[in-house]
Amino acid sequence: MSVGLLAVVDDILTAALKASAKTAGVVIDDAAVTPQYVQGLTPARELPVVWKIALGSLVNKFVIIIPIALLLSAFAPFVLPFLLIIGGTYLCFEGAEKVLEWFGLHHDAGETEARDEKKLVFGAIRTDLILSTEIMLIALDSLDPALGIWMTLGALAVIGLGMTALVYGAVALLVKIDDVGLRLMKNPSRGVRRTGARIVASMPAVFRVISIVGTVAMLWVGGHLVIENLAETFWHGPHDVVHAITHSIEAAGPVVVWIVETACSAVFGLVLGLLVVGVVMLVRRVLPGGSKAHGSTSGR
């Protein structure tokens, strides 16, 4: 009995490991996007907020994504591409809002810290829902259909736990690096103190880079989701354009092709996101009280 159980566990872990490899790109995006949500918080609130977001991510995966994905894949697989189009469009919207903020078109901050924290957590969990959906759907598509429902569920559970621990463990480590630097600055050794000072001094630049990478990741993943799933449903136009561009540079090698394809997805995501931002701003102005409610819907 124990041997049979070990064999089942081994099969689940093997399937989960193989499927996880195909989600690596989205996992990196998730890890790059999340730290921007804890910027501006006091050091004492950083880890509690990361923990809240991680718990929300687990709820996203185990309460929402996995059950719905299994049900839809069994009874209505044609719905999944449309859900991914909606999710990708939302990511493009968030990314475009952030780009506009870089150019000074930011929203006024007039809320208390406690409310801001709740909005930050909610916004992060909402973004995680979309990224986690892609992670789990890619993993589900990569699993062998012959595994059966329970083996598939087990593999998805392992992937969900593993990816959440990986992403939010990395985020927690990243946001506390400056505290490590501060402790090193109190060390008796002069060389260690210098290292600590360099760590602390570099963190603003590190977070600026992370913010940029996270925004680009939103546009890239969102644009890619929309392009690929539009092609699977009713419009091949964007996909055909990207395919034609990448096909023309195949001689340059797979790395160059990937970079160009990623850039095309990000540009498409930015254009789509700006269009959605424009529509949202227009609706806000038209609706009663819309100008007063003019603020970020992304919770950042």
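Keep in mind that this is a model prediction, so the values were computed, not measured.

So, the overall build of the protein chain
Part 1: Regarding its fold elements, the protein chain presents 10 helices and 0 strands.
Part 2: If you list the helices and strands of the protein chain from N to C, you get α-α-α-α-α-α-α-α-α-α.
Part 3: Across the 300 residues in the protein chain, those meeting the buried criterion constitute 41%.
Part 4: A sequence separation of at least 24 residues applies to 80% of the contacts in the protein chain between residues at least 6 apart.

Some remarks on helix α10 (residues 254–286)
Part 1: For α10, built from 33 residues, the straight-helix expectation of 48 Å at 1.5 Å per residue is met to within 8% by its first-to-last C-alpha distance of 48 Å.
Part 2: By the burial criterion, the buried members of α10 are Val257, Thr262, Cys264, Ser265, Ala266, Gly269, Leu272, Gly273, Val277 and Arg284.
Part 3: Looking at the buried side of α10, the elements it contacts are α4 (80–102), α8 (190–233) and α9 (237–248).

Let's talk about the nonpolar core
Part 1: In terms of nonpolar packing, the biggest core is built from 51 residues, with Val50, Ile53, Met136 and Leu156 touching the most fellow members.
Part 2: If you list the elements that add at least two residues to this core, you get α1 (2–21), α3 (43–75), α4, α5 (113–142), α6 (149–175) and α8.
Part 3: Ranked by size, the runner-up nonpolar core spans 5 residues in total, among them Ile85, Cys92, Val226 and Leu272.

So, the packing of aromatic side chains
The way to describe two aromatic rings as a pair is by their centre distance and the angle between their planes.
Part 1: Applying the stated criterion across every chain, the model contains 3 aromatic pairs.
Part 2: Taken together, a centroid distance of 5.5 Å and an interplanar angle of 90° make the contact between Trp220 and Trp258 edge-to-face. With Trp220 in helix α8 and Trp258 in helix α10, the pair connects residues that are 38 residues apart, well separated along the chain.
Part 3: Under the relative-accessibility criterion, Trp220 is labelled buried at 19%.
Part 4: In this structure Trp258 comes out as partly exposed when scored by relative accessible area, which is 48%.

Description of the pattern of salt bridges
Part 1: On inspection of all chains with the given rule, the structure shows 4 salt bridges.
Part 2: Across the salt bridge formed by Glu117 and Lys52, the nearest N and O atoms sit 3.3 Å from each other. Highlighted residues: Glu117 in helix α5 and Lys52 in helix α3, separated in sequence by 65 residues.
Part 3: In this structure Lys52 comes out as partly exposed when scored by relative accessible area, which is 39%.
Part 4: Look at the salt bridges and you will find they share partners, linking Glu46, Lys176 and Asp179 into a network.

Concerning a positive patch on the surface
Part 1: A contiguous patch of positive charge on the surface is contributed by Arg190, Arg193, Arg194 and Arg198.
Part 2: Locating Arg198 in the fold gives a position in helix α8.

What to know about the packing of α8 against α10
Part 1: For the pair α8 and α10, the least separation of the axes is 7 Å and the interaxial angle reads 90°. As summarised for this structure, α8 and α10 are arranged roughly perpendicular, according to the angle between their axes. Residue-level inspection shows Leu219, Trp220, Gly223, His224, Val226 and Ile227 of α8 in contact with α10, the latter providing Trp258, Glu261, Thr262, Ser265, Ala266, Phe268, Gly269, Leu270 and Leu272.
Part 2: For the contact of α8 with α10, the residue count by class is 9 nonpolar, 5 polar and 1 charged.

Regarding the confidence of the model for the protein chain
Any segment with low pLDDT has predicted coordinates that should not be analysed in fine detail.
Part 1: On average, residues of the protein chain carry a pLDDT of 80, and 82% of them reach 70 or more.
Part 2: Long-range and interchain partners of residues 108–115, a stretch whose pLDDT sits below 50, account for 3 contacts in this model, where long-range means more than four residues apart.
Part 3: Overall, residues 292–300 carries pLDDT values under 50, and its contacts beyond four positions in sequence, including any with other chains, amount to 32 contacts.

Observations regarding the packing of helix α7 (residues 177–184) against α8
Part 1: With their axes 7 Å apart at the nearest point, α7 and α8 run at an angle of 150° to one another. As far as their axial angle goes, α8 and α7 are roughly antiparallel. As for the relative orientation of α7 and α8, their crossing is left-handed in sense. Between α7 and α8, the contacting residues are Ile177, Asp178, Gly181, Leu182 and Leu184 on the first element and Val192, Arg193, Thr195, Gly196, Ile199, Val200 and Met203 on the second.
Part 2: Each residue belonging to the contact of α7 with α8 can be placed in one class, and the counts come to 7 nonpolar, 3 polar and 2 charged.

About the thresholds
Sequence positions are assigned chain by chain, starting from 1 and proceeding in written order. Owing to the predicted nature of the model, reporting of local features is limited to residues with pLDDT of at least 70; listing and counting of side-chain atom pairs is limited to 80 or more, with chain, interface and lining totals taken over all residues. The side-chain numbers reported here are obtained from all heavy atoms of the structure, hydrogens and water having been left aside. Numbering of helices and strands runs from the N terminus; a helix is a DSSP stretch of H or I covering at least four residues, while a strand is a stretch of E covering at least two. Using a 1.4 Å probe on the protein chains alone, a residue whose accessible area is under 20% of its type maximum counts as buried, one over 50% counts as exposed, and one in between counts as partly exposed. Working rule for contacts: check all heavy atoms of both residues, and any pair within 4.5 Å makes them a contact. Expected helix span is computed as 1.5 Å times (number of residues minus one). Definition used in this section: a nonpolar core is a set of buried Ala, Val, Leu, Ile, Met, Phe, Trp, Tyr and Cys residues joined via side-chain atoms within 4.5 Å. Only Phe, Tyr and Trp rings are paired, with Trp represented by its six-membered ring, and only when their centres lie within 6.5 Å; those with planes under 30 degrees apart are stacked, over 60 edge-to-face, the remainder tilted. One speaks of a salt bridge when a side-chain nitrogen belonging to Lys or Arg is within 4 Å of a carboxyl oxygen belonging to Asp or Glu. Nonpolar side chains (Val, Leu, Ile, Met, Phe, Trp, Tyr) are joined into patches within 5 Å and like charges within 9 Å, using only residues with over 30% relative accessible area and no salt bridge. The Shrake-Rupley method, run with a 1.4 Å probe, gives the accessible areas here. Residue values count only the displayed protein chains as cover. Note on charges: Lys and Arg go in the positive column, Asp and Glu in the negative column, and His and the chain ends are not counted at all. By convention, the charge on Lys lies at NZ, on Arg at CZ, on Asp at CG and on Glu at CD. For helices, the axis comes from a line fit to the C-alpha atoms of the stretch in contact; other axes are also lines fit to C-alpha atoms, and the angle between any two N-to-C directions lies between 0 and 180 degrees. Throughout this description, any angle smaller than 35 degrees is read as roughly parallel, any larger than 145 degrees as roughly antiparallel, any in the 65 to 115 degree range as roughly perpendicular, and the remainder as oblique. Three residue categories are used. Nonpolar comprises Ala, Val, Leu, Ile, Met, Phe, Trp, Tyr, Cys and Pro, charged comprises Asp, Glu, Lys and Arg, and polar comprises the others, including Gly. A residue's pLDDT is the confidence the predictor assigns to it, expressed on a 0 to 100 scale. For a crossing to be left-handed, the near helix must be turned anticlockwise from the far one by less than a right angle; the clockwise case is right-handed.

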